[in-house]
Amino acid sequence: KIVLDYGCGPGNGIINLITKCKPKKIIAVDVSEKAINLATNRAYLHKIKVDFIKINENDKLNPIKTNSIDVIKCDGVLHHIDNTEHVLREFYRILKKNGKINCMVYNKESIWYYLHACYELRIRRGVLFNKTDDEAFKMSTDGFRCPISKCYSVEEFKKLCKKNKFKADLVDISVSKFELGKLNLISEAISDEKLDKDKIDFLKKIRIRKNIPFYKNKVAGINAYFELKKN
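Residues numbered from 1 in each chain as written. Predicted model: local features only at pLDDT ≥ 70, side-chain atom pairs only at ≥ 80, totals over all residues. Heavy atoms only, no water.

A. Expanded view of the sheet that holds strand β8 (residues 212-215). Ordered by their spatial adjacency, three strands build an open sheet running β7-β8-β9, and the pairing between neighbours is antiparallel. Unpaired on one side and paired on the other, β7 (206-209) and β9 (218-219) mark the two borders of the sheet. Note: β8 against β9, two bridges, orientation antiparallel. Bridging across to β9, Y215 finds its partner in K218. (Pairing = 2+ DSSP bridges. Helix = DSSP H or I, 4+ residues; strand = E, 2+ residues; numbered from the N terminus.)

B. Structural context of the pairing of strand β10 (residues 223-230). The element β10 is extensively covered by neighbouring structure, given that six of its eight residues are classed as buried. Inspection of the sheet shows strand β5 (residues 95-106) paired to β10 by six bridges, in the antiparallel sense. Bridging across to β10, I101 finds its partner in L228. By the bridge criterion, eight bridges tie strand β6 (residues 166-174) to β10 in an arrangement that is antiparallel. The partner of I173 across the bridge, within β10, is A224. (Buried < 20%, exposed > 50% of the residue type's maximum accessible area, 1.4 Å probe, protein only.)

C. Representation of the sheet that holds β10 in the model. Taken in spatial order, the seven strands make up an open sheet running β3-β2-β1-β4-β5-β10-β6, and their pairing is mixed. Of all the strands in the sheet, just β3 (51-54) and β6 have a single pairing partner and so form its edges. Here the average twist between neighbouring strands, direction ignored, is 15 degrees. Relative to β6, helix α6 (residues 154-163) is tilted by about 150 degrees, and along the sheet it contacts β5, β6 and β10. (Axes fitted to C-alpha atoms, helices over the stretch in contact; angles between N-to-C directions. Contact = heavy atoms within 4.5 Å.)

D. Geometry of the packing of helix α4 (residues 111-124) against helix α5 (residues 133-141). Between α4 and α5, the least distance of the axes is 9 Å, while the angle of their chain directions is 95 degrees. Judged on the interaxial angle alone, α5 and α4 are roughly perpendicular. On α5, the residues touching W112, Y113, H116, A117, C118, L121 and R122 of α4 are D133, D134, A136, F137, S140 and T141. Here the contact of α4 with α5 is built from residues that sort into seven nonpolar, three polar and three charged. (Parallel < 35°, antiparallel > 145°, perpendicular 65-115°, else oblique. Nonpolar A, V, L, I, M, F, W, Y, C, P; charged D, E, K, R; others polar.)

E. How the structure looks around empty space enclosed by the protein. Tallying each qualifying case throughout the model produces one cavity of 30 Å³ or more. There is about 30 Å³ of room inside the largest cavity. Around the largest cavity, the lining residues are N107, E109, V154, I173, Y215, K218 and V219. Looking at the lining of the largest cavity residue by residue, the classes come out as four nonpolar, one polar and two charged. (1 Å grid on protein atoms, 1.4 Å probe; cavity = no way out; pocket = protein on both sides within 12 Å on 5 of 7 lines; lining within 4 Å. Points joined across faces, edges and corners; volume = space filled by probe spheres on them.)

Here you go:
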């Protein structure tokens, strides 16, 4: 398989690829020259051959040919991109007919969004009281100065993919240890009159099974994993 790691960062995903499978070729792209340098050094230490490309997320992936990629890995990247649809269109162009995309995006139907960002930060602690719910979430994930950090419900992400000619299947959702540490605030949040009704309704529907929170039989965690295929 020819694999593209889109948003490779310092190379964690590249090492995971090599330990779990043996691709015919690995292409890794990122917007950060520093990240590519770190990933290049890591690949050298592990004796892995990788074609690194520095990109601008708003440009086309011109160095990569149409219908040339078997698998695209994109973990924790799409939710940090302003023009997500542009990237999905480029994915569609470069992906082979029977290719697959494995990606992770932030899950809106999560303890992180409804309990931590919307309640704990905005209301209980009041540090982001003058921000919208989405702004509070953005500032809570990857640093207060993170310019873009979106989240999607499962259906919202599926709809976005369908609009761009992909069928998206939810593979898994993971909950962070950080979120598990917030579960004791659920009762308090439900009783707080300052919290919006839709947030209270969400938290009332949370069910705890073996210490894991579920919403409508799905794990209520921040990381949602999807597999995308061309329609």
